[in-house]
Each structure stands twice: as structure tokens, then as C-alpha cells.
There are 4 protein chains.
Amino acid sequence: MSPLNRQQLDQIRDERREQIKQAALKVFARRGYTGTKTSMIAAEASISEGLIYRYFNSKKELFITIIQEMMEESKRELEHIEHLPGTPFEQIRNLTLNMLDENNKFAFMLIQRSRKADDVPEKVAQIFEQHSTNVLIDLLIPIFIKGQNSGEFPLGEPRKLLTWYFSIINSLIIQDQVDEEYGLPDVDVLMRILKK
Amino acid sequence: MSPLNRQQLDQIRDERREQIKQAALKVFARRGYTGTKTSMIAAEASISEGLIYRYFNSKKELFITIIQEMMEESKRELEHIEHLPGTPFEQIRNLTLNMLDENNKFAFMLIQRSRKADDVPEKVAQIFEQHSTNVLIDLLIPIFIKGQNSGEFPLGEPRKLLTWYFSIINSLIIQDQVDEEYGLPDVDVLMRILKK
Amino acid sequence: MSPLNRQQLDQIRDERREQIKQAALKVFARRGYTGTKTSMIAAEASISEGLIYRYFNSKKELFITIIQEMMEESKRELEHIEHLPGTPFEQIRNLTLNMLDENNKFAFMLIQRSRKADDVPEKVAQIFEQHSTNVLIDLLIPIFIKGQNSGEFPLGEPRKLLTWYFSIINSLIIQDQVDEEYGLPDVDVLMRILKK
Amino acid sequence: MSPLNRQQLDQIRDERREQIKQAALKVFARRGYTGTKTSMIAAEASISEGLIYRYFNSKKELFITIIQEMMEESKRELEHIEHLPGTPFEQIRNLTLNMLDENNKFAFMLIQRSRKADDVPEKVAQIFEQHSTNVLIDLLIPIFIKGQNSGEFPLGEPRKLLTWYFSIINSLIIQDQVDEEYGLPDVDVLMRILKK
DNA sequence: TATGAATGAGAGTTCATTCAT
DNA sequence: AATGAATGAACTCTCATTCAT
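Residues numbered from 1 in each chain as written. Chains lettered and ligands numbered in written order. Predicted model: local features only at pLDDT ≥ 70, side-chain atom pairs only at ≥ 80, totals over all residues. Heavy atoms only, no water.

The two chain copies are connected by a rotation around an axis plus a translation along it. After a rotation of 180° and a shift along the axis of 0.0 Å, chain D superposes on chain C with an RMSD of 0.2 Å. Interpreted geometrically, this transformation is the action of a two-fold axis. When C-alpha distances to the rotation axis are compared across chain D, the minimum falls at Ser171(D), with a value of 2.5 Å. Same-surface contact between copies: 95% of interface residues of chain D are shared with the interface of chain C. (Least-squares fit on C-alpha atoms with pLDDT ≥ 70 in both. Contact = heavy atoms within 4.5 Å.)

Now the structure itself:
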């Protein structure tokens, strides 16, 4: 009977906003920015098309928001990398496993796909320029060198090998290149790339 | 100023048609099906927007035509694979080099991208079902086994390893994952995947 | 905390209704019918958007109600005109002063503005046809003639002069043509129009 | 048979653009910015709704363009005022006649209406701030003073009287306060305001 | 009674496609 | 055969109105 109080309303708003972002992430990841119609997002979120606009000013803003928040999230996660347990080989192996994890699938797909797409809003291109993939590589170089010294990794330019390795991982993620029969390549097969 | 004869007109038509397909291929590859406006194709081909429709009934037909012709071309090429010179290792190495070749870039990008995209015409999905990647794999299995016997390749399920290997190659192509500094991964680094 | 009784509830309803009408009058007067969003009315009245609909069936009905009530009010006032004190000149002068009075501003603005606007509900156009401005003119003609006889007003067609005079007054009101430095024209300057 | 040449195309574009502006002017003047639907403009111009957008980026831009061009036009006209023939009284009389002229009706209606409306794009408000009505008044003050000296105009503050006079003229125009029977007030009746 | 989240019809805008030249 | 202006269906977005609380 009595109207909802502020706290309850705030919670509803937060939940709805999150729900829309999740739905949009899923559709954007699969169909790209232009290929996604707002009606698809609404359907995926099981809400009306108009409601999207009570939470985001435009399809563009919704897209940018999602990318931005994911980039920030990934930045925070990267900061923990150096303190992960295990040998250098195990550290990179775990990182790989995490990236290929089904749960992160859409997020990585969207980011990688958008990084290369030519049909995204200008703003998104700028965000990607700031958060270059190199940050990850830079963090891993000391770990890789430790692994070289301990004999776990082959000699050769650490930056070059790591760059190549992660362009492969990224490509796999973005393309959702899951073979129906065999699934994604085994992490241990992938890590052969980092072996002699 | 005598009017062009039949044969000359046909030639002009053929050239125009080719010109439009090349332009469309380039734009579709970079921006995807929905992300590509017919005006972009016209601009890329340096012709007027309307002219496209004297050569193709629709954007959809143009897209399907391109995909179809590329699939047929790739099918023809595949038939030669068995007779390529060299050891099994060299054969697959050359095949890889060819796929990653800059000249084929747009074609492979478009095919791989479209294979996974959810925003392409229904017909294209059907084409891909028929020309499954498996055809390539099937052709390579005997070669791979020969390589296993000769010790060039590791033991293990040939189909599985080849499937994984080519999902990686395909992913790299489609994403145009060329690092600015280091370029595409070296073929020899990639082929580590097919080593013990 | 005994529940409010019937009478108290009725009073609250009446007050709310009045509050909404006042707020709507203000916004409609400034922004016109189409230019006014129900959310603006709610904000001006410091109530929720939904509440408007417990007092009025629609924005249209609210608008029509306001216009209608104002027309009736003005009709009642007109009936007193003939019995106002003073000479004919003074009577019209006082009437003018009353019309230009700041307190009636929004009401007159809304009426005049709506009378000419093409974007109001059909019903409103009908109301205006019934309550033509001529009623006012008709009532004033005898007074004007008396003034002509006493030499206060110039010769000439009374209806024509009065019509012109009040189209000017009306225009000034509706446009809120208040110069920032000098304000509305002096009543005595305006009344020059009714002089030789 | 042969395609139109550049010059012909440019002419078509110019004509079309002008046609859309004229149609929009008419509808905007009568129904205001918010009250005007793009479909109405298209209908008035007898073109499709989409075509508007090949000539203007948005309804907003179309509106701003119209206002801007009219302000510039009026600015140019004002520069000639001082050199008009006749006595000061005749000069202002002619200026008044010109403003009330049926041909300029929509232009003046739109400008005056938009000057006071609260539902126009921000940019338009800025334009009006720059082109204040005062420019006209400032130009007329010397003329008015000459008229005072020659006895054509009454004593009193020139700026105040002129301001009031033109707020009346402006109001009449904007409101299209044409009485069906008597039409707009006679210029000579209006000019009584500028008499003793 | 009062709130504001949610809906959906309709407005503004885009772009594949058609058509006069 | 070629052009680009014009169309209209489909899309993005707005806002009067409804409804759960």
C-alpha cells in the first residue's frame, strides 16, 4: 500500500541497470555494435524497449558504459597478477585459464571484438587507446624472465613472445572459436607456444 | 565515336562487377555485415550508390555472392593440398603461410568473421554449414599421420590437434591480430603447437 | 492517529486538484500545450508524475479544464463591467489595468496564447469559438458611445476601435512583452489609441 | 538519359533546401517548435519525411538555420533604415507597414514567437541574446529625436516610447492578432501611440 | 492517497532501395 | 550504363499513461 522507500527504489534501480548491462553485453558481444538493435537488448533483458532509456541516454552510452566498466575491472585485476602464487609457468597458465573461462566469455569477446571493429563509437576507440594491451604484457615480462632463468620458458625476446601468445589467446576468445567436438584448445597445448 | 559492341559491354560489366565485389569485400571484412552501409561500398569502389543495384539485387545478395565465391575458390585450392611438395611438416607450414598472407587477408577475415557472426543473412549460415572447416581437417589428417610416423608431429589424436591448430590460425586471421610492433606470430612459433 | 474523515479527505482532494491546476497553468502558459511535459507539471507542483492521473484523466483533460474554468471566471467578471464606477474613460482604463495586472498574468497568457495556437486539443478551439472576444467588445460598446458623446473618445466606429485596442492589449499579455528596462507600456500611452 | 550535370544538381539541391525551409517556417510559425512534427513539415513541402534529413541533420538544426538566416536578413535590412526617404514620422510609419506586411508574416511570427517561447533549442536563445531588439530601437532614436524637434513626435524619453511602441507591433505580429472582421489595427491608429 | 518504475504508441532519424534524368 | 535525389520501412528515442507497491 505504502510507496517504496528510497533505499528500496535505489536497489531496484541498481538491479535494473545491472540487468540491462548484462543483457546488452551478451547481445553486443555476439552481434557487434551496429548489429545489435535496442529491441534485442530489451528482449534479452525481458523488459520494454523504452525502459532502457530510463537507465541510459542512448544505445551509444550504454555501449560505452559497458566497455568502460569492463576496462576498469580488468585494470584492477591486472594489479594482482604479480602476487599470484606458483611458478612463472603456473602463473601464466592460470591467467590463460582465467581468460578462457566460460564465465568471462562475453566480456572478453566484447572487448576484443570492439578493439578491432571499425563500427564502434569514437569514444570507445579512445578508451582502447588508453588501456592498451601492452599493460598486461609489461606486467608479465618480469615473470617471464624469471621463468627463462629457471628454464621454464625458452630464450628469445620476452616481449615478442608474450605479445604473440596473447594475440592468440585474445583471438580465440573474441572469435568464440570453440570447436563443437573438441572445444577450446587445451591450455597445455597453447602453452607449447611458450616452450622451446 | 561508334557505340561499344556487345563484347566490350560485357567486359565493362564484368569489370564493374568485380570492382564492386572487391570494394565490398574490403568494407564487409572490416565492419561486418550490418556495420557496412551501401554508401561505404560505393565510396570504396568510387561509384554512385545506385550503380550497385545494376549489378546486384541487394546488399544481401552482394554479401552472399562474395562469401559463396570465396568458399568455392577455397574448395578448389584445398583439392591441391595433397599434391603439394615437401614433408608433411613443410606442407602444413606452407599452408599456414598462405593463409596468413597479406594478400588473402580480407578474404579470410570476412569468411572467419562471418562464420561466427550472428548478424549475417540466414543463407550465409547455410553455406558455412555445408563447407565446414572439417573438409580442410579431413584432407590434412593423412598428411598429419604421415608426419607422426616420421616423427615430425607428436602423438595424440590428429583431428583434435589439427582442429585446435586451425582454430588458432583462423582466429588470428579474422581478428587481424597484428601487433603493431611484432606483426603476426611467426609461423614457426605457431607450429610449436604441433610439436611435443 | 485516527484516519481522516470524509470531509477532510474531500478537502485534501480539492486542495491537490487546485495545486495541480495552478502548476499546470504556469507551465502551459510559458511553454504551450505540446511544449509542456507532464513531468514538468509534476515538478512545478512538487508531486509525483503519477498523481496527476488520480485527479485528471489526461494531460488533455487537465488543459481543457483549466481553459474552461478560466473562461467561466472571465465571463462572470465581465458581467460586472457595466456597473463599474467612474467615467467611460476611467472604466476602460481600469479594465485595462486589471488585464495587465501581474497577478492575472498566467491566466491571460494561457488564454490568449491558446486562442491562436494550432497545437491545442480540438475541444479548446470549440470553447474559444463560443466565448468569443466579441462578448467583451459588445459589453463595452455602450460605454464607449457614452464616452464619445461626452467627448472622452474620438468619433469613428466603436466596434472597430475597441476591437483593435483589445487585440493590442491581448497581444501584449500573451507575449509577456515586458521590456526589461521599461516594463509594459503605460496604460495612458496605450489609451492614446482611443484618442483623437 | 544522361545523368544531370553538377550545375543542375546544385540547383535542385538549392531549390529543395529552400522549399523545406519555407514549409518548415510556415508550420513552425503556427505551431511552435515542439508542436511541429517533422511529418507536418514533409506534408507541407510535399516531400517524404526522410528527405528532410538529406538537407538538414535534425529538426533542431532546421529550426536553428531558419531563425539564424532570418536574423541575418533582418540585420541587413535594418542597416538601410537611416537612409529611407520621408520625414521621421513617415519613416517609422513605413517601417511599421513593412513589419505588418502579409508577406513577412510568417517570418516575424516565428521570430517573435520563438523569442518568448521556453521550448526552443538552447542555441536559439543564444542567437536572440546577440540580436537584441534594442538594435532596432537604437537606430530609430536619432530619427525619433529629429521628429520631436520638428514637432511630429511628443516629448518624453525616446527610448521608452519606441520600446513600448515596438513591443506592441511585435506582439501583434507574433500573435497574428488579426480580427476577422476588422483585420490588423490601422497603422495610423497604431501611430497615435507616438502622438501627444 | 502517493510514488516512480514500467510500458507502448508515436515521434525523430537512418539507410537500403528505387527512379527520373 | 551511370548518377544521386527521393522514398519508406525499420530503427532509435520520447513521453503520456499505467501499475505494482
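A separate point is the relation of the copies chain B and chain A. The transform that puts chain B on chain A rotates by 180° and translates by 0.0 Å along the axis, for an RMSD of 0.2 Å. A share of 98% of interface residues in chain B that are also interface residues in chain A marks the association as one of identical surfaces.

Attention now goes to the environment of Ile64(B). All names here are of chain B. Mapped onto the secondary structure, Ile-64 falls in helix H4 (residues 59-78). Residues Ile-64 and Glu-122 lie 58 residues apart in sequence; the distance between their C-alpha atoms is 9.7 Å. When residues no more than four places from it in sequence are discounted, the contact partners of Ile-64 are Pro-121, Lys-123, Val-124 and Ile-127. (Helix = DSSP H or I, 4+ residues; strand = E, 2+ residues; numbered from the N terminus.)

A contiguous nonpolar surface patch, about 230 Å² in accessible area, is contributed by Leu4(A), Leu9(A) and Ile12(A). Tracing the backbone shows Leu4(A) in the segment before helix H1 (6-35). (Patch = residues over 30% accessible without salt bridge, like charges linked within 9 Å, V, L, I, M, F, W, Y side chains within 5 Å. Areas by Shrake-Rupley, 256 points an atom, 1.4 Å probe, with all protein chains shown as cover. Salt bridge = Lys/Arg side-chain N within 4 Å of Asp/Glu carboxyl O.)

Moving on, we get to the protein's contact with DNA strand F. Around DNA strand F sit 39 residues in total, of which Tyr53(A), Arg54(B), Arg16(D), Arg54(D) and Tyr55(D) are the nearest. Among all atoms of DNA strand F positioned within 4 Å of the protein, those belonging to sugar or phosphate total 67%. Arg16(B) has a polar side-chain atom sitting 3.0 Å from a phosphate oxygen of DNA strand F. One of the side-chain N or O atoms of Tyr55(B) is found 2.8 Å from a phosphate oxygen in DNA strand F. At 5 residues, helix H1 (residues 6-35) of chain D tops the list of elements feeding residues into the surface near DNA strand F. Considered class by class, the residues forming the surface near DNA strand F number 13 nonpolar, 13 polar and 13 charged. (Near = heavy atom within 4 Å. Polar contact = N/O pair within 3.5 Å; in protein donor to acceptor, adjacent residues only side chain to side chain. Nonpolar A, V, L, I, M, F, W, Y, C, P; charged D, E, K, R; others polar.)

So, on to the protein's contact with DNA strand E. The full set close to DNA strand E counts 38 residues, and Arg16(A), Arg54(A), Tyr55(A), Arg54(C) and Tyr53(D) are the nearest of them. Within the side chain of Arg16(A), an N or O atom sits 2.4 Å from a phosphate oxygen of DNA strand E. Its residues assigned to classes, the surface near DNA strand E shows 12 nonpolar, 13 polar and 13 charged.

Now for the pattern of salt bridges. Tallying each qualifying case throughout the model produces 33 salt bridges over all chains. In this structure, the salt-bridge partner of Arg6(A) is Asp10(A), at a minimum N-O distance of 3.2 Å. Taken together, the positions of Arg6(A) and Asp10(A), both in helix H1 and 4 residues apart, correspond to about one turn of that helix. Looking at Asp10(A), the relative accessible area reads 35%, which means it is partly exposed. Among the salt bridges present, the one from Arg159(B) reaches Asp138(B), with a minimum N-O distance of 2.8 Å. Of this pair, Arg159(B) sits in helix H9 (residues 158-175) while Asp138(B) sits in helix H8 (residues 134-149), and the two are 21 residues apart along the sequence. Since its relative accessible area comes to 37%, Asp138(B) is described here as partly exposed. Through salt bridges with shared partners, a single ionic network connects Glu18(A), Lys21(A) and Glu69(A). (Buried < 20%, exposed > 50% of the residue type's maximum accessible area, 1.4 Å probe, protein only.)

Another aspect to go through is the UniProt feature "domain: HTH tetR-type" (unreviewed entry) in chain A. Annotation from UniProt places "domain: HTH tetR-type" (unreviewed entry) at residues 14-74 of chain A. The span residues 14-74 of chain A is 82% helical and 0% strand by assignment, and the distance between its end C-alpha atoms comes to 21 Å. (UniProt positions renumbered as here; feature names shortened; annotations may be inferred.)

To continue, consider the interface of chain B and chain A. Facing 40 residues of chain B, the contacting portion of chain A comprises 41 residues. Note on chain B versus chain A: buried area summed over both sides is about 3500 Å², and carbon and sulfur give 58% of it. Contact with chain A buries surface across chain B, with Trp164(B), Tyr182(B) and Arg192(B) losing the most and accounting together for 21% of the total. Between Asp118(A) and Arg30(B) there is a salt bridge, with the nearest N and O atoms lying 4.0 Å from each other. Those elements giving two or more residues to the side of chain B that touches chain A turn out to be helix H1 (6-35), helix H6 (105-116), H9 and helix H10 (187-190) of chain B. With 12 residues, the top contributor of residues to the side of chain B that touches chain A is H9(B). Split into classes, the residues belonging to the side of chain B that touches chain A amount to 14 nonpolar, 10 polar and 16 charged. (Buried area = accessible area lost by both parts, 1.4 Å probe.)

This part covers the UniProt feature "DNA-binding region" (unreviewed entry) in chain A. Following the UniProt record, the feature "DNA-binding region" (unreviewed entry) maps to residues 37-56 of chain A here. Split by type, residues 37-56 of chain A is 60% helix and 0% strand. Its first and last C-alpha atoms lie 15 Å apart.

As a further point, take unusual backbone geometry. All names here are of chain C. Residues other than glycine seldom take positive phi values, yet Ser-46 does so here, at roughly 55°. Here Ser-46 lies in the loop between helix H2 (38-45) and helix H3 (52-55). For Ser-46, a relative accessible area of 64% gives the class exposed.

One widely used convention gives an interface's size as the accessible area the parts lose upon coming together. Contact with chain D, which involves 41 residues of that partner, is made by 40 residues of chain C. Approximately 3500 Å² of surface area, both sides summed, lies buried where chain D meets chain C, with 58% of it carried by carbon and sulfur atoms. On inspection of chain D and its partner chain C, the count reaches 1 salt bridge. In this assembly, chain D and chain C are joined by 6 residue pairs in polar contact (both at pLDDT 80 or more).

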